[in-house]
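Chains, contacts and geometry: an overview
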Amino acid sequence: MICYACRRHVDKVNTPAIATRHLLCDTCVIKTAADYARDMAQLRYEKPRPLAKLYGTNGPTPDQEDEHEDQMRDWSRRYRLASKLCKAALAAQ
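Residues numbered from 1 in each chain as written. Predicted model: local features only at pLDDT ≥ 70, side-chain atom pairs only at ≥ 80, totals over all residues. Heavy atoms only, no water.

Let's shift gears to the confidence of the model for the protein. With 67% of its residues at a pLDDT of 70 or more, the protein has an overall mean of 80. Within the protein, helix H2 (residues 33-45) carries the highest mean pLDDT (91), whereas helix H1 (residues 26-29) carries the lowest (66). (pLDDT = per-residue confidence, 0-100. Helix = DSSP H or I, 4+ residues; strand = E, 2+ residues; numbered from the N terminus.)

Below is the structure:
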């Protein structure tokens, strides 16, 4: 099985009340809201640059545009998950 948050292969997956819709490993379950807030700050720092800043007025090639779209989709998925789990951890306190 794969942990939805950290994408690691694990033998056992926990699904506590704070994350009933996600398959989370032991490491991801024990995080606090502050840990998730720290993760969100790191993700904001690592966010891919916009296409206009990367390629200027010439614009990207179709391959570059597809690659950027994949990077943004992955970043958005990780940020939404961290945000959702942060809110759930705050509600559980």
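Here helix H4 (residues 62-92) spans 45 Å end to end across 31 residues, near enough to the 45 Å set by a 1.5 Å rise per residue. What H4 keeps buried is the set His68, Trp75, Arg77, Tyr79, Leu81, Ala82, Ser83, Leu85, Cys86, Ala88 and Ala89. Looking at the buried residues of H4, the elements they touch are H2 and helix H3 (51-55). (Expected span 1.5 Å × (residues − 1). Buried < 20%, exposed > 50% of the residue type's maximum accessible area, 1.4 Å probe, protein only. Contact = heavy atoms within 4.5 Å.)

Moving on to a negative patch on the surface. Together, Asp63, Glu65, Asp66 and Glu67 line one region of the surface with negative charge. Residue aspartate 66 is classed as partly exposed on the basis of its relative accessible area of 45%. (Patch = residues over 30% accessible without salt bridge, like charges linked within 9 Å, V, L, I, M, F, W, Y side chains within 5 Å. Areas by Shrake-Rupley, 256 points an atom, 1.4 Å probe, with all protein chains shown as cover. Salt bridge = Lys/Arg side-chain N within 4 Å of Asp/Glu carboxyl O. Lys, Arg positive; Asp, Glu negative; His and termini not counted. Charge placed at Lys NZ, Arg CZ, Asp CG, Glu CD.)

Tallying each qualifying case throughout the model produces one aromatic pair. Aromatic pair tryptophan 75 and tyrosine 79: ring centres 5.1 Å apart, planes at 15°, arrangement stacked. Residue tryptophan 75 and its partner tyrosine 79 are both found in helix H4; the two are separated by four residues, about one turn of the helix. In this structure, tryptophan 75 and tyrosine 79 share a single accessibility class: buried. (Phe/Tyr/Trp six-rings, centres within 6.5 Å; stacked < 30°, edge-to-face > 60°.)

Once that is clear, we can look at the side chain of histidine 68. As for its placement among the helices and strands, histidine 68 is situated in helix H4. A polar atom in the side chain of histidine 68 sits 2.7 Å from the backbone oxygen of arginine 49. Among all residues touching histidine 68, those that are not within four sequence positions of it are Pro48, Arg49, Pro50, Leu51 and Leu54. (Polar contact = N/O pair within 3.5 Å; in protein donor to acceptor, adjacent residues only side chain to side chain.)

Throughout the structure, instances matching the rule amount to five salt bridges. Across the pair aspartate 70 and arginine 73 runs a salt bridge, and its minimum N-O distance is 3.1 Å. With a gap of three residues between them, aspartate 70 and arginine 73 both fall in helix H4, about one helical turn apart. We classify aspartate 70 as partly exposed; its relative accessible area is 45%. The closest approach of N and O atoms between arginine 77 and aspartate 74, which form a salt bridge, is 3.6 Å. Of the two residues, arginine 77 and aspartate 74 both sit in helix H4, three residues apart, roughly one turn of that helix. What makes arginine 77 buried here is its relative accessible area of 15%.

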